[in-house]
Amino acid sequence: MFRHKRQTIRRTKKGASLALVAAFAIVLGLVLWATFNLTYIFGGSQQVRNAVDAGALSTAQKVLTVTAKPGENYADVADTSGNITLSNINRTWGKALLVNANVQSMMTEGQALPQAQTNGKTAFSGAETINNELYQQLNNTTLLSTFFNQIAAQRSINMLGSGAGMKASIQAVNWPTALLDRGAASNLNFSPGQIPSDANINVIAAGGALAGYEPIKANGNYFYFVPFRPGEMPHLVSNRIFDMNRSDKTPIANIQAIPNGFSVTGNGTGPDGSVGSSAYAITNPQTHYTLAIPYGYLSIQITNTAKWFVEGKQVFESSYGTEPEEQWGVKSVKLTTGGMINGYASLGNEFTGQSLYWSMSDIARNNPVLVQKMVQRMQEVSPSFTKNQLITLLLSQQLVPGVTRYLIYPVYTTADNTNPEIMIQPITGKLPKWLVATYTPDGSELVIPAVPPAGAGPPPPTKPPGSNTNWQVLIGAKKPDGHHTTLIEQNLWEPDSGLNQCLGQVRVSHTTNLYFAEN
Amino acid sequence: MRTNRGTSLIEVLAGMLVIIPIGLASVNFYTVVIGSQINNRLVEDAARSAAMQLGSNNAESAARQTVDGFQYQAPVINVAMTDFNYNVNSQQVLVGTTLTLNMPVPIMNWSTVTLHATAIEPIVAIPAPL
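Procedures and definitions
Sequence order as written defines the numbering, with residues in each chain counted from 1. Numbering of ligands from 1 and lettering of chains from A proceed in the order in which they are written. Since the coordinates come from a predicted model, pLDDT governs what is reported: local features require at least 70, and pairs of side-chain atoms require 80 or more to be given and counted, while whole-chain, interface and lining totals use all residues. Per the annotation, domain bounds derive from an automatic or database assignment of domains. Two residues form a contact once the distance between their C-beta atoms, set from the backbone, is within 7 Å. The helix and strand labels rest on DSSP assignments: H or I over at least four residues marks a helix, E over at least two residues marks a strand, and numbering proceeds from the N terminus. Strand pairing follows a simple DSSP-based rule, namely that at least 2 bridges must link the two strands. Helix axes are fitted only over the stretch in contact, all axes being lines through C-alpha atoms; the angle between N-to-C directions runs from 0 to 180 degrees. Take the buried Ala, Val, Leu, Ile, Met, Phe, Trp, Tyr and Cys residues, join any whose C-beta atoms are within 7 Å, and the set you get is a nonpolar core. Burial is judged by counting other C-beta atoms within 10 Å of a residue's own C-beta: 20 or more means buried, 12 or fewer means exposed, and anything between counts as partly exposed, with every C-beta placed from the backbone. Roughly parallel refers to an angle under 35 degrees, roughly antiparallel to one over 145, roughly perpendicular to one between 65 and 115, and oblique to any angle outside these ranges. Put simply, a crossing is left-handed when the front helix is turned counterclockwise from the back one by less than a right angle, and right-handed when it is turned clockwise. Think of pLDDT as the predictor's per-residue confidence, scored from 0 to 100. Nonpolar residues are Ala, Val, Leu, Ile, Met, Phe, Trp, Tyr, Cys and Pro. Charged residues are Asp, Glu, Lys and Arg, and all others, Gly as well, are polar.

## A short note on the domain arrangement of chain A
All names here are of chain A. As far as domains go, chain A holds domain 1 (44-290) and domain 2 (297-518). One C-alpha centre belongs to domain 1, the other to domain 2; they are set 48 Å apart. The interface is formed by 26 residues belonging to domain 1 together with 18 residues belonging to domain 2. Going through the elements one at a time, helix H2 (89-108), helix H3 (114-138) and strand E11 (289-290) are the ones with two or more residues in the side of domain 1 that touches domain 2.

Written out as C-alpha cells, the structure reads:
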C-alpha cells in the first residue's frame, strides 16, 4: 500500500513539467491563433473601409455624369453634349430666376403683358422638370451603386481570404443623400446689378456667388442653387456632418433640392464571412459660371412717322427711313378758302451721316433711366457689361440705309457659352445661328422721358444739325401760304422677360409734323 | 530526487524547443503584419495624392512625393513606388508600392521581406465636362 502511494507521487512529479510546458504551448498557440485571426479581421476590415471610401469618392465623382435633357428653353445653359448635369443645374435655375425677376420687375413697372406671366411660369416649370429628373436619378440607389462598384469592386480585400470581393450593399434601405454646405457658395457667380432693382428680390450671396440651398422667391416661385465650394474637389465627409444634413431628415422648405452629399454602403465578402462599411462624400463639379441668360439680346427699333396737316387738320400719315427722301403726302387737297394744295417734304434728314448713338436722343443726353435699363438687361447676358461699352457699340454702328432694326447680342467663342463678346449688327447683318429675331413681346412700351442728370447743366446738342422741310404748291388759291415742320423725338422702352431671347426693345420714335396752308 | 530534477529540466528544454521557435516565428509574423499595414496606408496615401492631381505627370510626382516622404522606422528599410497608371478615360489612378522589412529573427537566410500593395482611387481632380 505504501509502495503503491510512493509510486503514484513519483509518476505525478515526472510529468508535471511536461504538462505545464504542453499547457503553455497550447495556450500560446491559442493566443497566437486568435491574434492571427484578429489581425486578419482588422486588416480585412481596414481594406474594406478603404475600398468603401474609394467607392464613395467614385460615387461623388460619377454623379457629375448624370444627365437630364434641357428642354427647349435651356439649351443655352446645357453642356457641350447638350445636357444638364450637376455642373450646370445652377445655370439652369439662374436663367429661370432672371426671367422671373424680369417678369416681377415688369409687373412693378406696370409693363407686364399677360404673356409675361406665362413666360415666367414656363421658365420655372422648365427648370423644375430638369431639377426633378436629376433629383430622381441622384436618389436612385441602384444607379449610385454602379458608380460605387466601378472602383470598390476593383479594390483588393485579400485579408478576408482568397477570392474575397467587394460590392455595394443595396439590399436593406436606400442610400441616404444629404444637402451639405448649406449657405455656402454655389458655382454661379453674379453681380447684384444683373437683377432688376425694382424686382425687389432678396438674393442671398456667398462670396460673390449665389448662396447654396437658400431659396429665393421671385414672381411667386422659389429658386435655389446647389452649393459647390470654390477650390474644392469631391471629398469624404464625416458621418456626423452627413447625418445632420440628410435630405430626408432635414429637408429645405419649398424646394425639392438636388443633393450634393452621397452615402454608400459596401460589403467585403470572403470565404469566412463578410465585413460591411459605410462612407460619405460631397461632390463638386469644379466648374464655375456666371448668372446669365446666354442667348439673350437687346433690340433697337427706329420708327419714323410723318404726319401731314393741311389747315391744321391731319390729312395723311406716312413713314420714312433713315436716309433723306422726298415724299408727296398732300395731293390735290381742297382748301376751305378755295382752290387746292399739293405738298411735299424732304424727310429723314435728321439722320444724315449719323451713328445709332446719335439717333437715340435720350442716350445722347445721358438719360440715366434708359441707359440703366439697357445696361441692366445686357448684364443679364454678360455681367461685366458697362455703360461705356453700350455707348461704344452704339457709336460704332452707322445707320444702314433701309434698315430700321439693330440688335445687341453676345458672341460666344467658348464651348459652354461663357465670356461672350457683345456685338451690334443691323437686322440684315450676319447674326448668330441661335438668334431668333422675331419674337412676341411680353412687355408693353413706355416712353422714357429725357431727363438730364441733376446739376449737369444744359444738355449737349443731341445730333448734328439737319432738319426736315416741306413745300407746298397752291392751285387756284393764294392763301393760306404758310408752312413749317416740327420734329418730336421719343425713346420708348419695352421690357421683355428674356425667355424667348429678347430682353427688351428700345424704340427710337421720330414724328415729323408737316404743316401746310397755314397763316 | 536527482533523477526527477533532470527529467523536469529535459522536459522544459524539450518544451522550449517547441515554444521558442513559435515565439520567434510569431515575432516575424507580426513584423510582417505591421509592415503590411504600413504599406497599405502608404499606398492609400500615395493613390489619394495622385487622385487629387490633374495630369499624369503631376499625379505621378504627387504619388512619388508621398512615397519619398515616408518616415523610415525600424524594421522598414526601403519603400518604393513600383506601379503607376493614371487613366483619364476611366478616371482612375492605380498606385503600387513595395515595402522592404528587416526581419527581427532571420530564419534560414530569411532576413528581409518585401511586401507589395496596390490601391485604385477615382481621379477627383477632373472637373465635370463643360
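## Some words on the sheet that holds strand E15 (residues 340-347) of chain A
Residues and elements named next belong to chain A. Spatially, the three strands line up as an open sheet ordered E14-E15-E19, and their pairing is antiparallel. Whereas interior strands pair on both sides, the edge strands pair on one side only; in this sheet they are strand E14 (325-334) and strand E19 (469-475). Each strand axis lies, on average, 15° off the axis of its neighbour in the sheet, ignoring direction. The pairing of E14 with E15 spans seven bridges and is classified as antiparallel. The residue bridging glutamate 325 from the neighbouring strand is leucine 347, located in E15.

## Things to note about the nonpolar core
Ranked by internal contacts, the top residues of the largest apolar core, which has 133 residues, are Ala47 and Ala50 of chain B. Per-element accounting of this core gives the leading share, nine residues, to H2 of chain A. Both domains that meet at this core, namely domain 1 (44-290) and domain 2 (297-518) of chain A, each give it at least three residues. In this structure, Trp308, Tyr320, Val333 and Ala345 of chain A belong to the second largest nonpolar core, which totals 13 residues.

## Focus on the packing of H2 of chain A against H3 of chain A
Each pair of packed helices gets described by two things: the angle between the helix axes and the distance between those axes. Residue and element names in this part refer to chain A. Running from N to C, H2 and H3 cross one another at 160°; their axes reach a closest spacing of 9 Å. Looking at the two axes, H2 sits roughly antiparallel to H3. Handedness of the H2/H3 crossing: left-handed. Across from Ile89, Thr92, Trp93, Ala96, Val99, Asn100, Val103 and Met106 in H2, the residues of H3 making contact are Ala116, Gln117, Asn119, Gly120, Ala123, Phe124, Gly126, Ala127, Ile130, Asn131 and Leu134.

## Description of the sheet that holds strand E5 (residues 209-211) of chain A
By way of backbone hydrogen bonds, the strands of a sheet pair with one another, either parallel or antiparallel. Residues and elements named next belong to chain A. Pairing is mixed across the open sheet formed by four strands, whose spatial order is E4-E5-E3-E11. Both outer strands of the open sheet, strand E4 (205-206) and E11, are each paired with one neighbouring strand and no more. Here H2 sits on the sheet and contacts strand E3 (185-189) and E11; the angle it forms with E3, its principal contact strand, is near 65°.

## Describing the confidence of the model for chain B
Here chain B averages 89 in pLDDT, and 96% of its residues register 70 or above. Scoring of the predicted complex yields 0.88 for pTM and 0.88 for ipTM.

## Re the interface of chain B and chain A
Buried accessible area, meaning the area lost when the parts come together, often serves as the stated size of an interface. Tallying the contact residues gives 28 residues for chain B and 35 residues for chain A. Tallying contributions element by element places helix H1 (residues 2-51) of chain B first for the side of chain B that touches chain A, with 15 residues. In terms of residue class, the side of chain B that touches chain A is made up of 14 nonpolar, eleven polar and three charged.

## What to know about the pairing of strand E2 (residues 92-107) of chain B
As a general feature of sheets, a regular strand has side chains that alternate between the two faces. All names here are of chain B. Taken together, the ten bridges between strand E1 (residues 76-87) and E2 define a ladder with antiparallel strand orientation. Counted as the bridge partner of asparagine 78 is threonine 100 from E2. In this antiparallel pair of consecutive strands, E1 and E2, the connection spans four residues, and glutamine 91 shows a positive phi of 55°. Relative to strand E3 (residues 110-122), E2 is paired through twelve bridges, and the arrangement is antiparallel. Across the sheet, residue asparagine 102 finds its bridge partner in E3, namely threonine 112. Connecting E2 to the next strand, E3, in antiparallel fashion are two residues, including methionine 108 with a positive phi near 50°.

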